[in-house]
Each structure stands twice: as C-alpha cells, then as structure tokens.
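Working through the structure, step by step
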Amino acid sequence: MQHAEMINSETREAIENCMSCSTMCEETIAYCMDMPATMMDATSLRTLMDCAAITRVCADMMCRMSSMQREMCAMCARICTMCAEMAAKLSGDAQMMKLAEACRACAASCQAMAGAAA
C-alpha cells in the first residue's frame, strides 16, 4: 500500500482544512497591512501569524503521519479557536468573517484528529 493510500478521509479533510486556514490567515495578514488604519492590535496580529504557522505545520505532520500529530492537532485546534474568536469580534468585516469560518472548520477537524487513536 502506498503512503497516500494510508491517509484516511478524515485525515485528508483535516489536512485540507489546515491548509485552507493557513492561506486565509496569510491573506488576512496582508489585508490588515493594506488597511489605512490598523484594525488589529499587535497581540491579534501575532495570534493570526501563529495560526498561519501552526496550521501549516500541523498539515505537514499529518501528511507524513508523524507520531506527534495528535498533540499538534490539539494545539492547532486551540490556536484556531482563539483566532476565530478574535476574528468574530470584528463582525462588520467580511474578510474577518471568512477567517473566522476557516478557523472554526480547522479547529473542529483538528479537535477530532486530536481525539483519534494514534
């Protein structure tokens, strides 16, 4: 059996959610930098950067079936939840709502993966 065939559909979905979330975080960072007035404080921007990085690393670890993927998925779910809550506070902004949605989807799939058997 080839490696790609060993990755189940739940893991594949979690990988896709992580990559989508990471991309949305990066797009939102650029969006915030292009805004004439800063809409986020430094702490919120750091949360966004952390979320982009952690989701990317988490996807990589699931792709290679790392023995540490459950722990990374748990951390990823936590940072995605934090980022979603932060974005939801800016409810009048469409970009932030897309970010919150991507973060919630990633948090849910990573939480499921964190609880999955190793």
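The preceding data block contains the structure.
Residues numbered from 1 in each chain as written. Predicted model: local features only at pLDDT ≥ 70, side-chain atom pairs only at ≥ 80, totals over all residues. Heavy atoms only, no water.

1. Notes on the overall build of the protein chain
- For the protein chain, the helix and strand inventory stands at 5 helices and 0 strands.
- In summary, the protein chain has a C-alpha radius of gyration of 15 Å against a globular reference of 13 Å for 118 residues, a match within 12%.
- Judged by the C-alpha coordinates and their principal axes, the protein chain covers about 55 × 20 × 20 Å.
- Pairs at least 24 apart in sequence give 70% of the contacts found in the protein chain among residues at least 6 apart.
- Only carbon and sulfur atoms are counted for the fraction: they give 56% of the accessible area of the protein chain, which is about 6,600 Å².
- Between the centroid of the 9 positive side chains of the protein chain and the centroid of its 14 negative side chains there is a distance of 5 Å. (Helix = DSSP H or I, 4+ residues; strand = E, 2+ residues; numbered from the N terminus. Rg over C-alpha atoms; globule rule 2.2 N^0.38 Å. Contact = heavy atoms within 4.5 Å. Areas by Shrake-Rupley, 256 points an atom, 1.4 Å probe, with all protein chains shown as cover. Lys, Arg positive; Asp, Glu negative; His and termini not counted. Charge placed at Lys NZ, Arg CZ, Asp CG, Glu CD.)

2. Side note on the side chain of T11
- Relative to the helices and strands, T11 is located in helix α2 (residues 9-34).
- Excluding residues within four positions of it along the chain, T11 makes contact with M62 and M113.

3. Description of helix α3 (residues 42-63)
- Helix length check: α3, at 22 residues, gives a terminal C-alpha distance of 32 Å against a target of 32 Å (1.5 Å per residue), a fit within 8%.
- Packed against the buried residues of α3 are α2, α4 (69-88) and α5 (94-114).
- Once α3 finishes, M65 follows within two positions and takes phi at roughly 55°, a positive value. (Expected span 1.5 Å × (residues − 1).)

4. As for α2
- Taking 1.5 Å per residue as the helical rise, α2 with its 26 residues ought to reach 38 Å, and the 37 Å between its terminal C-alpha atoms agrees with that figure.
- Restricting attention to buried positions, one finds in α2 the residues T11, A14, I15, N17, C18, C21, S22, M24, C25, T28, I29 and C32.
- Where the residues of α2 are buried, they touch α3, α4 and α5.
- For α2, the N-terminal cap is N8; the gap from its side-chain oxygen to the backbone nitrogen of E10 is 3.2 Å. (Buried < 20%, exposed > 50% of the residue type's maximum accessible area, 1.4 Å probe, protein only. Polar contact = N/O pair within 3.5 Å; in protein donor to acceptor, adjacent residues only side chain to side chain.)

5. Topic: the environment of Y31
- Here Y31 is to be found in helix α2.
- For Y31, a relative accessible area of 26% puts it in the partly exposed group.
- The spatial distance from the C-alpha of Y31 to the C-alpha of M96 is 9.7 Å, given a sequence separation of 65 residues.
- Polar contacts involving the side chain of Y31 include one to the side chain of D93, which spans 2.4 Å.

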